[in-house]
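These are the residues of each chain, in order.
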Amino acid sequence: MSIKKVTKAVFPVAGMGTRFLPATKSVPKEILSLVDRPLVQYAIDEAREAGIEEFIFVTSRGKSALEDYFDVSPTLEASLKASGKDDLLKILNSTNMDDGKIAYVRQHRALGLGHAVWCARRLIGDEPFAVMLPDDVITGDTPCLKQMVEAYEQTGGNIVAAMEVPVEATKSYGILDVSEDMGNMVRVKGMVEKPKSNPPSNLAVIGRYILTPSVLDTLDKKETGAGGEIQLTDAIAKEITTSNNVFGFRFRGERYDCGSKAGFLQATVAFGLARDDLKDEFSQFLNDIVAARKAAQ
Ligand code: G1P
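Computed from a predicted structure; not experimentally measured.

S.K.: Please provide a residue-by-residue account of the site of the ligand, values included.
M.R.: The ligand sits among Leu113, Leu133, Asp136, Tyr173, Gly174, Glu193, Lys194, Val205, Gly207, Tyr209, Thr233 and Arg255. Measuring from an oxygen atom of the ligand, one finds a backbone N or O atom of Gly174 at 2.9 Å. Thr233 places a polar side-chain atom, nitrogen or oxygen, 3.3 Å from an oxygen atom of the ligand. For the ligand, whose unbound accessible area comes to 380 Å², protein coverage reaches 76%.

S.K.: Please set out the packing of aromatic side chains residue by residue, giving values where relevant.
M.R.: For the structure on display, the rule yields eight aromatic pairs. Here the aromatic rings of Tyr42 and Phe271 are separated by 5.0 Å at their centres, their planes lie at 75°, and the arrangement is edge-to-face. On the criterion of sequence distance, the pair formed by Tyr42 in helix α1 (residues 39-49) and Phe271 in helix α10 (residues 261-273) is long-range, its members being 229 residues apart. Neither residue differs from the other here; Tyr42 and Phe271 are each classed as buried. Between Tyr256 and Phe271, the aromatic rings sit 6.1 Å apart at their centres with planes inclined by 70°, giving edge-to-face as the arrangement. Note that Tyr256 is positioned in strand β13 (residues 254-257) and Phe271 in helix α10, a separation of 15 residues in sequence. The pair formed by Tyr256 and Phe271 is uniform in burial state, with each residue classed as buried. Members of the aromatic cluster, connected to one another through ring pairs, are Phe11, Phe55, Phe57, Tyr69, Phe70 and Tyr104.

S.K.: Which residues make up the packing of helix α3 (residues 74-82) against helix α4 (residues 86-93), and what values do they have?
M.R.: Contact geometry for α3 and α4: axes closest at 8 Å, N-to-C directions at 155°. The angle between the axes of α3 and α4 places the two elements in the roughly antiparallel class. Note that α3 runs across α4; the crossing there is left-handed. Residues Leu76, Glu77, Leu80 and Lys81 of α3 touch α4, and the partners they reach there are Leu88, Leu89, Leu92 and Asn93.

S.K.: So what's going on with the nonpolar core? Residues and values would help.
M.R.: In terms of nonpolar packing, the biggest core is built from 37 residues, with Phe11, Ile52, Phe55, Phe57, Leu145 and Ile159 touching the most fellow members. Elements with a minimum of two residues in this core: β1 (8-12), α1, β4 (54-59), β6 (129-132), α7 (144-155), β8 (158-164), β11 (203-211) and β12 (246-250). With six residues, the single largest contributor to this core is α7. Ignoring any residue separated from it by four or fewer positions in sequence, one finds Ile52 in contact with Val6, Thr7, Lys8, Ala9, Ala47, Ala130 and Leu145. Leu133, Val215, Leu232 and Ile240 belong to the second-largest nonpolar core, a separate cluster that totals 33 residues.

S.K.: Could you give an account of a nonpolar patch on the surface, naming the residues involved and the relevant values?
M.R.: Together, Phe285, Ile289 and Val290 give the surface a local cluster of nonpolar side chains, amounting to about 260 Å² of exposed area. Residue placement: Phe285 occurs in helix α11 (residues 279-296).

S.K.: Can you explain the pattern of salt bridges? Please cite residues and give values.
M.R.: Counting across every chain of the model gives 15 salt bridges. Measuring nitrogen to oxygen at the nearest pair gives 3.1 Å for the salt bridge that ties Arg37 to Asp45. Note on Asp45: relative accessible area 19%, which makes it buried. Glu193 is the partner of Lys194 in a salt bridge, and the nearest nitrogen-oxygen pair spans 2.9 Å.

S.K.: Can you lay out unusual backbone geometry for me, pointing to particular residues and giving the numbers?
M.R.: The step from Leu21 to Pro22 runs through a cis peptide bond, and the omega angle for that step is 5°. Tracing the backbone through its elements, the reader meets Pro22 in the loop between β1 and β2 (33-34). Positive phi outside glycine occurs at Lys222, with the angle close to 55°. Inspection of the secondary structure assignment puts Lys222 in the loop between α8 (214-219) and α9 (232-243). Residue class for Lys222 comes out partly exposed when judged on its relative accessible area of 37%. With a phi angle near 50°, Asn244 is a residue other than glycine that sits in the positive phi range. Overall, the relative accessible area of 39% leaves Asn244 in the partly exposed class.

S.K.: Got a sec to walk through the environment of Thr18? Specific residues and values, please.
M.R.: Along the chain, Thr18 turns up in the loop between β1 and β2. Thr18 sits 274 residues away from Ala292 along the chain, and the two C-alpha atoms are 33 Å apart.

S.K.: I'd love a proper account of the pairing of β12, names of residues and values included.
M.R.: Of all five residues in β12, four are buried; the element is thus mostly enclosed. Bridge analysis of strand β10 (residues 185-193) against β12 gives three bridges, and the strand direction is antiparallel. Note that in β12 the partner of Met185 across the bridge is Phe249.

Scoring rules and cut-offs
- All residue numbers here refer to positions counted from 1 along the written sequence of the relevant chain.
- It should be noted that, the model being predicted, local features are given only for residues of pLDDT at least 70 and side-chain atom pairs only at 80 or more, the latter also being counted only at that level, while totals for whole chains, interfaces and linings use all residues.
- Hydrogen atoms and water are omitted, and side-chain values are computed over all heavy atoms in the structure.
- Each residue is tested against the molecule or strand, and it is near if at least one of its non-hydrogen atoms lies within 4 Å.
- Polar contacts, as used here, are pairs of N or O atoms within 3.5 Å; protein pairs need one atom able to donate a hydrogen and one able to accept it. Residues neighboring in sequence count only if both atoms are side-chain atoms.
- We get accessible surface area from the Shrake-Rupley algorithm with a probe of 1.4 Å; when it comes to residues, only the shown protein chains can shield them.
- When the centres of two rings from Phe, Tyr and Trp lie within 6.5 Å, Trp using its six-membered ring, the rings pair. Their planes under 30 degrees apart give stacked, over 60 give edge-to-face, and anything left gives tilted.
- Going along the chain from the N terminus, every DSSP run of H or I of four or more residues is numbered as a helix, and every run of E of two or more is numbered as a strand.
- Categorising residues by exposure relies on relative accessible area from a 1.4 Å probe, with only protein chains included: less than 20% of the type maximum marks a residue as buried, more than 50% marks it as exposed, and the intermediate range marks it as partly exposed.
- Only the stretch in contact is used when a helix axis is fitted, and all axes are lines through C-alpha atoms; the angle between N-to-C directions ranges over 0 to 180 degrees.
- By the definition adopted for this analysis, an angle is roughly parallel if under 35 degrees, roughly antiparallel if over 145, roughly perpendicular if from 65 to 115, and oblique otherwise.
- Note on convention: near helix rotated counterclockwise from far helix by under a right angle means a left-handed crossing. Clockwise means right-handed.
- Contacts are residue-level and defined by heavy atoms, with any inter-residue pair within 4.5 Å sufficient.
- Only buried Ala, Val, Leu, Ile, Met, Phe, Trp, Tyr and Cys residues count toward a nonpolar core, and they belong to the same one when joined by side-chain atoms within 4.5 Å.
- Two joining distances apply to patches: 9 Å for like charges and 5 Å for nonpolar side chains (Val, Leu, Ile, Met, Phe, Trp, Tyr), and every residue must have over 30% relative accessible area and no salt bridge.
- We define a salt bridge as a contact between a side-chain nitrogen of Lys or Arg and a carboxyl oxygen of Asp or Glu at a distance within 4 Å.
- What makes two strands pair is DSSP finding at least two bridges between them.

Structure below.
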């Protein structure tokens, strides 16, 4: 059986981002930037490198800044051109999206991640698709989604990004119950969203998925799970009983949880230190600040 190419990605960005209030009172969380690139831009760049051609955003009220961000800005372009700021123009152009390749659908009610993905069902159609949660920023030599697409081309089925987390953190994630450990891939026999106790493992789902369209049929039933929400984890878990075709993928790379303040700060430091134009000044500052704190203790 030939495996259909993954060309569509869904970006659920409807959340209110309350953890980042007051910043998120008027700015969507996904526009918050690591150094100078919005979180959502990192996700888009990763998707493009994985061969994604169509980008589907599931938004909500108050997220229009996201749509503007992906729009061309003729005035800004003209002004940069006129003043010969070619380097800035290049940066600006790196955010341009091809015409007709980006779509927005609203999630009218905050009924959970599974519901957000379900809202995109008509745009996804009957083909495999990726889901990317921009809060999870992942760095590495090969972009995480590209690694997953390569794995998908070998195995088909449903693949979720996975990484080991401390046992006490398992209550914040979808957790995998593993039936067969093959190293970077594991076959999954169960999935539990945010287990309050007795997690089946410490292998957590991270916000990158490649899913088969039958997951959308399960989501169509609108069954609620943890927290009274329609959970994507539960719909994927259903695939285990119907096709036994669910895998966890231990990606190579560093993951930053930019949905938390501490994770966002860690990513900011890491991205600042990785930038040629900033690293000398920034690392000097970090050394100084750490030394001063030590001296004061
Ligand atoms: C979501 C998923 C969860 C997953 C996590 C990864 O939870 O529901 O299964 O482990 O993303 O970041 P959220 O963090 O949005 O509550």
